[in-house]
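# Report on the structure
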There are 2 protein chains.
Amino acid sequence: MEIITTGEEVLQGQIVDSNAAWLAEQLNTHGLDVQRRTTVGDRLEDLVAVFLEAASRNRLVIVNGGLGPTSDDLTAAAAARAAGLILVEQRDWLEQLQARLKQQGGQLTAAHRQQARLPEGAETIPNPVGSACGFWLTIGQARFCFTPGPPVELQPLFHQHVLPRLLREFGDGSQILLHRLQVFGCPESAVAEQVKAVELPANTRLGYRPHLPTVEVKIISRGQGETLAAEHEQAVAAIRRTIGDFVYAEADETLPAVIHRAMQQQGHSLALAESCTAGWAAGELARQAGVSAWLRQAWVVYSPEAKICELGVPAATIDEHGVISRPVAEAMAMGAREQAGTTLALAITGQSGPVGADANVPAGTACIALAHADGVISAGWQHRDFGRNGNRKVQAWLLLDLLRRYLHQLPVVPVYVMAKPFRTV
Amino acid sequence: MEIITTGEEVLQGQIVDSNAAWLAEQLNTHGLDVQRRTTVGDRLEDLVAVFLEAASRNRLVIVNGGLGPTSDDLTAAAAARAAGLILVEQRDWLEQLQARLKQQGGQLTAAHRQQARLPEGAETIPNPVGSACGFWLTIGQARFCFTPGPPVELQPLFHQHVLPRLLREFGDGSQILLHRLQVFGCPESAVAEQVKAVELPANTRLGYRPHLPTVEVKIISRGQGETLAAEHEQAVAAIRRTIGDFVYAEADETLPAVIHRAMQQQGHSLALAESCTAGWAAGELARQAGVSAWLRQAWVVYSPEAKICELGVPAATIDEHGVISRPVAEAMAMGAREQAGTTLALAITGQSGPVGADANVPAGTACIALAHADGVISAGWQHRDFGRNGNRKVQAWLLLDLLRRYLHQLPVVPVYVMAKPFRTV
């Protein structure tokens, strides 16, 4: 199978071709192997040549882009030429589109009619969102599926209309079951090493998608018969057990969403005091809608003076232990909790870098603390230097993971693979 | 010209193919047009087939990836097979690598020798960073350039060794001059509309690279003769004048870096008070190393209570004008400035969304303020709804752009194209 993406802006690198990656991953996950990807621009003759070449070496070709109404959108014309067909207006699609537009108070325009001109005999694929209609067409011996370029149109169209048919016509009749675990604290290589010990059913395989500082672990079972679902569930359970509490979420859930749910269920409120991350942790939590219900307040206290004046960190603690130390993180957390009047408070002080040779702690060091009704928990971590902003991201995640672990009654100072304890006090 | 990227992880979409986009953009910027991009996995026969096809339709082919030491790295073997050559160890490269390793206290390993086995007669391209050697090879009528996959290796190797030669051998002898302007507040379409009025020399063209909420405008002059540089400078000046103070930086400079320089030169210090952006503005500034010299402190004050208790915003101001209002932003900024003892303070209160139908202000509304020694400046903005986190990003940029404008004595309430004034008080 081949994926062809089109468009001058993609070809010339003004836009990174994330659609091709998305399509390939979807297909691969569902057991449909992509053998080649091709990108061409908006020249008609290049498009025709690429379609004919792809037709000669594939049973199935997915084409993305070029279905819009402008003069650059030549995919349908090129498909027609490659197949030796004329373009005709697709009445069935125009009627569907008209009905939708009417509901929204709009009406058909010349641009809509232009976009509905597809190769004669093409089978339309309704676009659930936009006005560019997808279509199926046979060119030579190959079945082509033409899809719209904007990801917000491509993704629902692909899931609703394309994938089920691909599985039916090009799959081997297998059922595909997919589960995804979101992992923090253990990089891809270490997860892969750990799960080696798990005996998986022959029908089950694993995939990884790293995205600093997390990795998504995909458990994919493919097969037939009544036992598949049970085997898949067992495999998921075994992998989940092996990775353990490094799994912070499953499927599409995010870390802020997991924290949000627990904070609400437990009726907690939160304050944050950030030094090196400078607002990144608060900003990350606030990605989740609704956090204002419990995220009362945060301080960015870069300077020692701010730590002292705003949060009441004793100057003596800074002098004695250094500003990057667990006692300072603890004092920051307790000060923030007291001042904001919240049930919980998080604090972080660390080194994001870049640092000179005389730095007393290396870039990638963070001391974190969580103050609660009964006291304060703290930890010091040191990790690889990912550069200033990579470090800040990892440090913010270390802090938020401490909160997740506290809320879920998990070990709050785990044996991370990606960070080693930083020993102070 | 064609770009071929290799590797199963790229093909199957586990990694987005950013190298292909980077190479295409570099080549395009320097006047070398890419006509097609192809991606294949790690199967030897697929690689050989793709190389032979590319050889049949191009004068020049750039190949990326597959030069590592593992069994998946088959690019050199495939190139040799496509060209009908054997692999031989490249002594010249091994000597260079050995000298470098010796300096670093290392030595040659079997993996290094494996990576140095290239098609006989290939011309090596020294890798300035890693141990995977690039090479030139002729297959059929086409010149192939093989480059390593990791971006940190590809980019210096390409700039130092590949691009100069490509321009010499495949360019038309033209000189390419490039200047980039970084623009905020005016989207790509509006910039394009504005600069239409500028008469550019025949040798000069423009390119755009949008990256919400900014757009990079590239001015590219290509030609020969002594007047080119002067014409290019004139074109840059004309475009810069036309876009005006929406240009916040040039070339590789970032907004935090521009602000950092001005803050240091003018001896200012800063405090921030953020509501809707919840730390994003502070976190964005802190991307720039060294900001701790003047970024004293920031507050995230989500709740009205925090605005009142922490920053001394009068409860009556909130009651009278609503929490998303210029008077509240002004009170936040003045309170932050006073409490932190800084020369300047920024504040923002707004709606990032999602909102219900009963919201009194739509998502994408922000009131911002800057308190300084002589008083306070404020503005209200409303922009398109980019979704919660898109909105938070735009809102943080609106706030930081206010600071840039103040520091540079530019209009602090400009006529943005991407945002309209939000009228309160």
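Residues numbered from 1 in each chain as written. Chains lettered and ligands numbered in written order. Predicted model: local features only at pLDDT ≥ 70, side-chain atom pairs only at ≥ 80, totals over all residues. Heavy atoms only, no water.

### Side note on the overall build of chain A
Check the secondary structure of chain A and you find 15 helices and 18 strands. A principal-axis box enclosing the C-alpha atoms of chain A has dimensions of 85 × 50 × 45 Å. Looking at the 425 residues of chain A, the share that counts as buried comes to 57%. Summing over all exposed atoms, chain A offers an accessible surface of approximately 17,200 Å²; the carbon and sulfur share of this is 49%. (Helix = DSSP H or I, 4+ residues; strand = E, 2+ residues; numbered from the N terminus. Buried < 20%, exposed > 50% of the residue type's maximum accessible area, 1.4 Å probe, protein only. Areas by Shrake-Rupley, 256 points an atom, 1.4 Å probe, with all protein chains shown as cover.)

### Brief notes about the sheet that holds strand β10 (residues 204-211) of chain B
Residue and element names in this part refer to chain B. Taking strand neighbours across the sheet as the criterion, the four strands line up as β10-β11-β9-β12 in an open arrangement whose pairing is antiparallel. Of all the strands in the sheet, the pair left with one neighbour each is β10 and β12 (247-250). Neighbour-to-neighbour, the strand axes of this sheet turn through a mean angle of 25°, independent of strand direction. Against the sheet, helix α9 (residues 228-243) touches β9 (175-184), β10, β11 (214-223) and β12, its axis set at about 10° to β9. (Pairing = 2+ DSSP bridges. Axes fitted to C-alpha atoms, helices over the stretch in contact; angles between N-to-C directions. Contact = heavy atoms within 4.5 Å.)

### Let's talk about the sheet that holds strand β3 (residues 60-64) of chain B
The strand order across the open sheet formed by twelve strands is β6(A)-β7(A)-β8(A)-β3(A)-β1(A)-β2(A)-β2(B)-β1(B)-β3(B)-β8(B)-β7(B)-β6(B), and the pairing between neighbours is mixed. Two strands close off the open sheet at either side, each with one partner strand: β6 (123-125) of chain A together with β6 (123-125) of chain B. Strand after strand, the sheet turns through a mean of 20° between neighbouring axes, direction not considered. In this sheet, strand β2 (residues 36-40) of chain B lies alongside strand β2 (residues 36-40) of chain A in antiparallel orientation, the contact comprising five bridges. In the sheet register, A:Thr38 faces β2(B), and the bridge partner there is B:Thr38. In this fold helix α7 (residues 151-170) of chain A packs onto β3 (60-64), β6, β7 (134-139) and β8 (142-147) of chain A, with an angle of close to 165° to the strand it touches most, β8(A).

### Looking at the domain arrangement of chain A
Considered domain by domain, chain A is made up of domain 1 (2-170), domain 2 (175-250) and domain 3 (255-421). Taking only C-alpha atoms, the centre of domain 1 of chain A and the centre of domain 3 of chain A are 48 Å apart. (Domains from an automatic or database assignment.)

### Here we look at the pattern of salt bridges
Taken as a whole, this structure holds 38 salt bridges over all chains when the rule is applied. With a shortest N-O distance of 2.7 Å, A:Glu53 and B:Arg36 are connected by a salt bridge. Highlighted residues: A:Glu53 in helix α3 (residues 44-57) and B:Arg36 in strand β2, drawn from two different chains. A residue is classified by how much of its surface remains accessible, and A:Glu53, at 21% relative accessible area, is partly exposed. The shortest N-O distance in the salt bridge between A:Glu216 and A:Arg180 comes to 3.1 Å. Taken together, the positions of A:Glu216 in strand β11 (residues 214-223) and A:Arg180 in strand β9 (residues 175-184) put the pair 36 residues apart, joining distant regions of the chain. (Salt bridge = Lys/Arg side-chain N within 4 Å of Asp/Glu carboxyl O.)

### Some details on the packing of helix α10 (residues 255-266) of chain B against helix α15 (residues 388-407) of chain B
All names here are of chain B. Contact geometry for α10 and α15: axes closest at 10 Å, N-to-C directions at 40°. The way α10 lies across α15 gives a crossing that is left-handed. Along the contact surface, α10 presents Leu 255, Val 258, Ile 259, Ala 262, Met 263 and Gln 266, while α15 presents Trp 397, Leu 400, Asp 401, Leu 403, Arg 404 and Leu 407. A per-class count over the contact of α10 with α15 returns nine nonpolar, one polar and two charged. (Left-handed = near helix turned anticlockwise from the far one by under 90°. Nonpolar A, V, L, I, M, F, W, Y, C, P; charged D, E, K, R; others polar.)

### Side note on the relation of the copies chain B and chain A
When chain B is fitted to chain A, the best match, at an RMSD of 0.2 Å, comes from turning it 180° and sliding it 0.1 Å along the axis. In the structure described here, the two chain copies are related by an operation that fits a two-fold rotation axis. Looking at chain B, 98% of its interface residues are interface residues in chain A too, so the copies touch through the same face. (Least-squares fit on C-alpha atoms with pLDDT ≥ 70 in both.)

### Describing the side chain of A:Thr38
Within the fold, A:Thr38 resides in strand β2. Taking relative accessible area as the criterion, A:Thr38 reaches 2% and is therefore assigned buried.

### Observations regarding the packing of aromatic side chains
Residues and elements named next belong to chain A. Going through the model one piece at a time under the given rule, you end up with 20 aromatic pairs over all chains. Look at Trp 22 and Phe 158: their rings are 5.5 Å apart centre to centre, the planes differ by 75°, and that puts the pair in the edge-to-face class. Highlighted residues: Trp 22 in helix α2 (residues 18-29) and Phe 158 in helix α7, separated in sequence by 136 residues. On the basis of relative accessibility, which here comes to 16%, the residue Trp 22 falls in the buried class. Through a chain of ring-to-ring contacts, three or more aromatic side chains come together here, namely Phe 184, Phe 246, Tyr 248, Trp 381, Trp 397 and Tyr 416. Residue placement shows Arg 165 over the ring face of Trp 136; its charged tip is 4.6 Å from the ring centre. (Phe/Tyr/Trp six-rings, centres within 6.5 Å; stacked < 30°, edge-to-face > 60°. Lys NZ or Arg CZ within 6 Å of the ring centre and 35° of its normal.)

### Side note on unusual backbone geometry
Leaving glycine aside, a negative phi is the common case for residues, and trans is the common case for peptide bonds. Residue A:Leu212 is joined to A:Pro213 through a cis peptide bond whose omega torsion reads 0°. Take A:Pro213: it is sitting in the loop between β10 (204-211) and β11. Note that the residue after B:Gly353, namely B:Pro354, is joined by a cis bond; omega there is -5°. Structurally, the position occupied by B:Pro354 is in the loop between β15 (344-351) and β16 (365-372). A positive phi angle is found at A:Ala278, which is not glycine, with a value near 50°. With respect to the helices, strands and loops of the structure, A:Ala278 is situated in the loop between β13 (270-274) and α11 (280-285). Overall, the relative accessible area of 0% leaves A:Ala278 in the buried class. Of note, B:Gln409 is a non-glycine position whose phi angle comes to about 55°, a positive value.

### Brief notes about the interface of chain B and chain A
Taken residue by residue, the interface counts 59 residues in chain B and 58 residues in chain A. Here chain B and chain A share 38 residue pairs in polar contact (both at pLDDT 80 or more) between them. The greatest single-element share of the side of chain B that touches chain A, amounting to seven residues, is contributed by strand β14 (residues 295-301) of chain B. (Polar contact = N/O pair within 3.5 Å; in protein donor to acceptor, adjacent residues only side chain to side chain.)

### As for helix α12 (residues 304-311) of chain A
Among the residues making up α12(A), those that are buried are A:Ala306, A:Lys307, A:Glu310 and A:Leu311. Down the axis of α12(A), the buried set is contained in an arc of 105°. They therefore lie on one face. (Arc of directions from axis to C-beta.)

### Some thoughts on the layout of surface pockets
Residues and elements named next belong to chain A. Considering only enclosed or pocket space, the second largest pocket measures out at about 1,000 Å³ in volume. If you go around the second largest pocket, you meet 27 residues; those closest to its centre are Glu 9, Ile 15, Gly 149, Pro 150 and Pro 151. Listing elements by their share of the lining of the second largest pocket, those giving two or more residues are β1 (2-6), α1 (8-11), α2 and α7. When the residues that make up the lining of the second largest pocket are grouped by side-chain class, the tally is nine nonpolar, eleven polar and seven charged. (1 Å grid on protein atoms, 1.4 Å probe; cavity = no way out; pocket = protein on both sides within 12 Å on 5 of 7 lines; lining within 4 Å. Points joined across faces, edges and corners; volume = space filled by probe spheres on them.)

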